Structures are given as C-alpha cells and as structure tokens.
Amino acid sequence: MNNLLEHFVTLWVVIDPIGTIPVFIAVTAGIEATARRKTALLAALVSAGVLLFFLVFGQLLIEALDIGLNSFQVAGGIILFLFALTMIFGESKQDVEQRQAEEDVEDKMHKTNPAIFPLAVPSLASPGAMLAIVILTDNNRYSATDQGITALVMLSVLAIAFVLMLLADPIIRWIGHSGAAIISRVMGMILASVAVNSVLSAMLEIMKTGQL
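Thresholds applied
Residues numbered from 1 in each chain as written. Predicted model: local features only at pLDDT ≥ 70, side-chain atom pairs only at ≥ 80, totals over all residues. Heavy atoms only, no water. Buried < 20%, exposed > 50% of the residue type's maximum accessible area, 1.4 Å probe, protein only. Helix = DSSP H or I, 4+ residues; strand = E, 2+ residues; numbered from the N terminus. Contact = heavy atoms within 4.5 Å.

With that out of the way, let us pick up helix 7 (residues 127-135). Extensive coverage of helix 7 is indicated by the burial of eight of its nine residues. Of all the positions in helix 7, only Gly128, Ala129, Met130, Leu131, Ala132, Ile133, Val134 and Ile135 are classed as buried.

Right, let's talk about the environment of Leu191 for a bit. Along the chain, Leu191 falls in helix 9 (residues 168-209). Along the sequence, Leu191 and Leu11 sit 180 residues apart, while their C-alpha atoms lie 9.3 Å from each other. With residues up to four places along the chain from it excluded, the contact list for Leu191 reads Val13, Val14, Leu80, Phe83, Ala84 and Met87.

This paragraph deals with the environment of Leu119. Its location among the elements puts Leu119 in helix 6 (residues 115-124). Considering only alpha carbons, one finds Leu119 and Ala43, 76 residues apart in sequence, at a separation of 5.8 Å. Setting aside its immediate chain neighbours within four residues, Leu119 contacts Thr20, Val23, Phe24, Val27, Thr39, Ala43, Pro114, Leu124 and Met165.

Written out as structure tokens, the structure reads:
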C-alpha cells in the first residue's frame, strides 16, 4: 500500500496535471469546445503511449547500453531532484510552458498539433515522468503484476489530467494562476523528498550487492 501511494505521488508530481491546465488554456485559446475536448483527449492518449513505451522498453534500452539500473536510479533521482528545485525556486512549469505556448499561438509559426506539443510532450510526458516510470517498473525489483498496477496508476493520473483539462476554465477562475503556481511549488517539495529517497535507496542497494 505504501509503495502504491508513493508511486501515485511520484507520478502525480512528475506528470503534474494541475500545472498542465494553464498550458492547455493557452494552446486552445480561440477554438471551439468540441476541438478543445479532442485536443485534451489526444494529448492524454499520446502522453499515455509515450510513457507506456518507456514502461515496457525503457529498461531494455538501459540494459542494451550496459547501464546498471541502480546507477540509472541514482541519476534519475538526481535529475528529478533538480527538476523539483526548478519547480520550487525557478519559474513554475506552467509559467514556462504557458509562455512558450502563447508565443507559438501569437506568431502562428508552429505547425505541430498543440495536443502533441507542448501538451503531451513535454507537459504531461515530461523527461521526469519518463525517468520515473522506468525506475518505478524496475524488472529486478517489481513483478509483472506490480508493473501492471503501476501502469494503471499512471493511466489514472493521466485520466485525471484529461478531466482537469476539460475543466480548465472553471479551475483557473477558482484557484487563479497564482494558486496553480503555489500548488506546483508544493508538489516540487514532495518530488524533492521522493527523489532523495530514490537516490538513498539505490546507494544502499549498491552497498549491499556491490552492483551498479
């Protein structure tokens, strides 16, 4: 149960459904409700496909490159920690991605479907989310059943993100952009704690087994 909760919190933080709301509003400004719903659905489906790819093949790619999973977990934990620091001290995820999205809308130069960029990647299926899903489905630590449960947890977070995108306008009116930024920073603190725990766990495993 603790692992399940930890996995949910980790995936919630790195996927950051709340931080995606302002991005969604920016890239769908001026389009009708039906198109907005289709954009939200496509973004959720594409991000799910990307993360499922890393869930299934991520570790195989790492092993093909002869990288020890403990080493990858340490590196991933450090990257997640640095990502958390940017959430806490730097511009929040939604501030950066919303500005980029607004610039793309203004200059009309970007031809990519907004559901794919920036919504699916890198807003939902962020680099941190890709790293996290590989770490949370380590074949040496988790059974196929455990990995399936983690996949369901991931899909549930993306489903929540989809619902929040559909409810983007009333949510922003309720919490405001400042409220979204505050929530993002709190999530950054949680992610920092999870990242440190990931690094320490991997280092303890290295000391016990002597395997990188």
